[in-house]
Amino acid sequence: MAREITQEEIDAIDGMIERARKAMDEIADWDQGQVDRLAQAIGWHCGNEKTFLRIAQMGVDESGIGDRAGRGGKRFKVLGILRDALRGKSVGVIEEDPEKGLTKIAKPAGVIASLIPTTNPELTPPVTGIYAAKCKDAVIFSPHPRAKETTNEMVNVMRHACKLVGAPEDLFQCVRKPSIPSTAYLMASADLTLATGGKPMVKAAYSSGKPAYGVGAGNSTMVIDETADIAEAAANSRMSKMSDFGSGCSADGNLIIVDAVYDQMKEALIAEGGYLCSPEEKELLAKALWNEDGSRKIETVAVDAKTIAHFAGFELPEGAKFLMVEQDEIGKEHPFSREKLSVTMALYRAKDFEATLPMVRAIYEVGGKGHSCGIYSFDEERILRHAANAPVSRVMVRQPQSKANAGSFTNGMPMTSSLGCGIWGGNITNENVSLKHYMNVTWVARPIPEDRPPDEELFGEFYNTEVL
């Protein structure tokens, strides 16, 4: 049971909320150009290669999770968020529909409590900060204890950017001593919570008594049919799986491959650095990834393949980058059909495309409902059938899932670091949390000519028939 919050913690949060509201008041009259300039300042100072790489590597060193060499690659997301933010309106009138007599006016959401996951202590703050600045919100960041210094460092950079353009630094603040009681009190005190992290964090946000955007667990599953470009599918699967050593909920975890190209795809994955575990090694791997109660062993979360294999008790050949197991069974009692949070993927063989459909549904009953899946196919009918079949919010077509579903420069998804999973995942939205989620909107409605269809049209064949 969590301890009671201390008076010192209450005073600290109350002080931050007060300073945040004062900072918002200071920019209440800023116009669109001024907030756009602030967003650009945050984007540059946080997203330039030198600063982002330094703080990204700091995050890996502090938390012990992720790929130090590759973590800096997430920098593109800061640039993409800035692109999307600058293309949208967020001050004053943001939309007009003369035909319906409607005008929409944007207003700040307020003080936002942003809960930062240990996997993205350097990325989530500027992502949230750019959108928040654009909408004239203030943000108080609550970092994960294992990466608190990294988050604080990035928030300090954001505060520096504010100072340079004449904005109050207290638009962005960071809890110095994070704890469960103080985070709960922060969520109850703020106007809105953005909970990007694990299920307990999201559940706590929804229990705070204030509005919250949460995210859901992933279990990314890709279908590969006989029309696929196998070399492309294998390269993208490796890229998605290897991103930050599989720390993200979007990393490819399950590949369902039709029989006609199964062996070809398997060989292509091996050529990309995949190591196919023997049945004996698969058993050892399962013990290395999961405790007896089904929970993940922290020692093998988001670390390289060599470390996992050594922990499991077997050695990898030179050049092996990620681990693969062949899997037939699907269900909660079969751990390899779950989210793996590592450089491990399960390969499933399906008789044909029709057979992939129930397999996809079964995998998402194990976990990951509402999140993401994908398909490698050039058959448009199959692509749409797969999308209609899968209980997910986003489907990536011929793209590396972990590089694409939160937005990329080669698809039209809104850029974000927070993926809503809808009712499936216990979330209020199934969208990529982006600019529109950071504002209140006032609708102005004027009189228009009456828009009332005749009763005969509305009721159709039932009009004037016998009633009870």
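Reading guide: rules and limits
Counting restarts for each chain, with residues numbered from 1 along the sequence as it is written. The model is predicted, so local features are restricted to residues of pLDDT at least 70 and side-chain atom pairs to those at 80 or more, both for listing and for counting; the totals for chains, interfaces and linings are taken over all residues. Only hydrogens and water are set aside; all other atoms, that is, all heavy atoms of the structure, feed into the side-chain values. By definition, any uninterrupted DSSP run of H or I lasting at least four residues is a helix, any uninterrupted run of E lasting at least two residues is a strand, and each is numbered from the N terminus. Whether a residue is buried, partly exposed or exposed follows from its accessible area with a 1.4 Å probe, protein chains only, as a fraction of its type maximum: under 20%, in between, or over 50%, in that order. We call two residues in contact whenever any of their non-hydrogen atoms come within 4.5 Å of each other. His residues and chain termini do not enter the charge count, which takes Lys and Arg as positive and Asp and Glu as negative. All charge positions are set by atom: Lys at NZ, Arg at CZ, Asp at CG, Glu at CD. Angular values range over 0 to 180 degrees, each being the angle between N-to-C directions of two axes fitted as lines to C-alpha atoms, with helices fitted over their stretch in contact. Rotating anticlockwise by less than a right angle from the far helix to the near helix defines a left-handed crossing, while the corresponding clockwise rotation defines a right-handed one. Throughout this entry, Asp, Glu, Lys and Arg are counted as charged residues, while Ala, Val, Leu, Ile, Met, Phe, Trp, Tyr, Cys and Pro are counted as nonpolar. The remaining residues, Gly among them, count as polar. When DSSP finds two or more bridges between a pair of strands, those strands are recorded as paired. Relative orientations are named as follows: roughly parallel for angles under 35 degrees, roughly antiparallel for angles over 145 degrees, roughly perpendicular for angles from 65 to 115 degrees, and oblique for any other angle. The directions considered for the arc run from the helix axis to the C-beta atoms. Pairs of N or O atoms are called polar contacts if they sit within 3.5 Å, as long as, within protein, a hydrogen donor faces a hydrogen acceptor (for residues adjacent in sequence, only side-chain-to-side-chain pairs). For the purposes of this section, nonpolar cores are sets of buried Ala, Val, Leu, Ile, Met, Phe, Trp, Tyr and Cys residues that join through side-chain atoms within 4.5 Å. Side-chain rings of Phe, Tyr and Trp, where Trp is taken by its six-membered ring, are said to pair if the distance between their centres is within 6.5 Å; with planes under 30 degrees apart they count as stacked, over 60 as edge-to-face, and otherwise as tilted. Only residues above 30% relative accessible area that lack a salt bridge enter a patch, with like-charged residues linked at up to 9 Å and the nonpolar side chains Val, Leu, Ile, Met, Phe, Trp and Tyr linked at up to 5 Å. Here the open area of atoms and residues is found with the Shrake-Rupley method and a 1.4 Å probe, where only the protein chains shown may cover a residue. We count a salt bridge whenever a side-chain nitrogen from Lys or Arg sits within 4 Å of a carboxyl oxygen from Asp or Glu. UniProt positions are given in the numbering used here, feature names are shortened, and annotations may be inferred rather than shown by experiment.

**Topic: the overall build of the protein chain**
Here is step 1 of the chain: If you tally the helices and strands in the protein chain, you get 16 helices and 15 strands.
Here is step 2 of the chain: Counting only C-alpha atoms and orienting by the principal axes, one finds that the protein chain spans roughly 70 × 65 × 45 Å.
Here is step 3 of the chain: Burial analysis of the protein chain (468 residues in total) assigns 54% to the buried set.
Here is step 4 of the chain: Look at the contacts in the protein chain between residues 6 or more apart in sequence, and 72% of them connect residues 24 or more apart.
Here is step 5 of the chain: Positive and negative side-chain charges of the protein chain, numbering 53 and 65 respectively, have mean locations separated by a distance of 5 Å.

**Examining the packing of helix 5 (residues 124-134) against helix 6 (residues 148-164)**
Here is step 1 of the chain: With their axes 9 Å apart at the nearest point, helix 5 and helix 6 run at an angle of 35° to one another. The crossing of helix 5 and helix 6 is right-handed. Of the residues in helix 6, those in contact with Pro125, Pro126 and Gly129 of helix 5 are Thr151, Met154, Val155 and Met158.
Here is step 2 of the chain: Split by residue class, the contact of helix 5 with helix 6 holds 5 nonpolar, 2 polar and no charged.

**Concerning the pairing of strand 12 (residues 344-350)**
Here is step 1 of the chain: Most of strand 12 is tucked away, with 6 of its 7 residues classed as buried.
Here is step 2 of the chain: One ladder, built from 4 bridges, connects strand 11 (residues 322-326) with strand 12; its direction is parallel. By the bridge assignment for strand 12, Met324 is matched with Met345.

**Looking at the packing of helix 2 (residues 32-47) against helix 4 (residues 75-86)**
Here is step 1 of the chain: The N-to-C vectors of helix 2 and helix 4 enclose an angle of 170°; their axes lie 10 Å apart at closest approach. With respect to helix 4, the element helix 2 is oriented roughly antiparallel. The segment helix 2 lies against helix 4, with Asp36, Ala39, Gln40, Gly43 and Gly47 engaging Arg75, Val78, Leu79, Leu82 and Leu86.
Here is step 2 of the chain: Of the residues in the contact of helix 2 with helix 4, the class split is 5 nonpolar, 3 polar and 2 charged.

**As for helix 12 (residues 305-312)**
Here is step 1 of the chain: Listed in full, the buried residues belonging to helix 12 are Ala305, Ile308, Ala309 and Ala312. All buried residues of helix 12 lie within an arc of 95° about the axis, which places them on one face of the element. Exposed side chains of helix 12 directed beyond 90 degrees from the buried face belong to Lys306 and His310.
Here is step 2 of the chain: Against the buried residues of helix 12 lie helix 11 (279-289), strand 11 and strand 12.
Here is step 3 of the chain: Here helix 12 starts with a cap whose side-chain oxygen sits 3.1 Å from the backbone nitrogen of Lys306, and that cap is Asp304.
Here is step 4 of the chain: Note on helix 12: the residue one or two positions beyond its end, Gly313, has a positive phi of about 110°.

**What about the nonpolar core?**
Here is step 1 of the chain: Core analysis: the biggest nonpolar cluster contains 68 residues, and Leu38, Ile42, Leu171 and Phe172 have the highest contact counts within it.
Here is step 2 of the chain: In contact with Leu38, not counting residues within four places along its chain, are Trp30, Ala133, Cys162, Val165, Ala167 and Leu171.
Here is step 3 of the chain: Within the second largest apolar cluster, 55 residues are counted, among which are Ile256, Tyr262, Met324 and Met359.

**Looking at the packing of aromatic side chains**
Here is step 1 of the chain: Inspection of every chain in the model, using the stated rule, returns 6 aromatic pairs.
Here is step 2 of the chain: Look at Tyr131 and Tyr438: their rings are 5.4 Å apart centre to centre, the planes differ by 40°, and that puts the pair in the tilted class. Within this pair, whereas Tyr131 is found in helix 5, its partner Tyr438 is found in the loop between helix 15 (401-404) and strand 15 (439-445), the two being separated by 307 residues in sequence.
Here is step 3 of the chain: For Tyr131, a relative accessible area of 0% translates into the label buried.

**Re a negative patch on the surface**
Here is step 1 of the chain: On the surface, Glu8, Asp11, Asp14 and Glu18 cluster together into a negatively charged patch.
Here is step 2 of the chain: Its place among the elements puts Glu18 in helix 1 (residues 7-26).
Here is step 3 of the chain: Relative accessible area serves as the criterion here: at 59%, Glu18 is assigned to the exposed category.

**So, the side chain of Ser182**
Here is step 1 of the chain: Within the secondary structure layout, Ser182 lies in helix 7 (residues 180-189).
Here is step 2 of the chain: Engagement of the side chain of Ser182 in a polar contact is seen with the side chain of Ser179, the distance being 2.9 Å.
Here is step 3 of the chain: Beyond its immediate chain neighbours, meaning those up to four positions away, Ser182 contacts Ile5, Glu9, Ile13 and Lys177.

**Comments concerning unusual backbone geometry**
Here is step 1 of the chain: Of note in the backbone geometry, Phe245 takes a positive phi value of approximately 55° without being a glycine.
Here is step 2 of the chain: Positive phi outside glycine occurs at Arg398, with the angle close to 55°.
Here is step 3 of the chain: Here Arg398 is to be found in the loop between strand 14 (392-397) and helix 15.

**Focus: the UniProt feature "domain: Aldehyde dehydrogenase" (unreviewed entry) in the protein chain**
Here is step 1 of the chain: Per the UniProt record, the feature "domain: Aldehyde dehydrogenase" (unreviewed entry) sits at residues 11-272.
Here is step 2 of the chain: In this annotation, residues 11-272 is assigned 50% helix and 16% strand; the end-to-end C-alpha distance for the span is 54 Å.

**A short note on the sheet that holds strand 15**
Strands pair in a sheet through their backbones, by hydrogen bonds, and they do so in one of two ways: parallel or antiparallel.
Here is step 1 of the chain: Taken in spatial order, the 3 strands line up as 1-2-15 in an open sheet, and their pairing is antiparallel. Here the strands that pair on one side only, and so sit at the sheet edges, are strand 1 (92-97) and strand 15. Adjacent strand axes in the sheet meet at a mean angle of 25°, parallel and antiparallel pairs treated alike.
Here is step 2 of the chain: As judged from the 5 bridges shared by strand 1 and strand 2 (residues 102-108), these two strands associate in the antiparallel manner. Bridge pairing links Glu95 to Lys104 in strand 2.

**Focus: the environment of Asp328**
Here is step 1 of the chain: By the element assignment, Asp328 lies in the loop between strand 11 and strand 12.
Here is step 2 of the chain: By relative accessible area, which is 66% here, Asp328 ends up exposed.
Here is step 3 of the chain: Between the C-alpha atoms of Asp328 and Ala350, which are 22 residues apart in sequence, the distance is 9.4 Å.

**Examining the pattern of salt bridges**
Here is step 1 of the chain: In the structure shown here, the tally under the stated rule is 23 salt bridges.
Here is step 2 of the chain: Across the salt bridge formed by Lys104 and Glu95, the nearest N and O atoms sit 3.4 Å from each other.
Here is step 3 of the chain: Counted as one network, the salt bridges with shared partners bring together Arg71, Lys74, Glu122 and Asp244.

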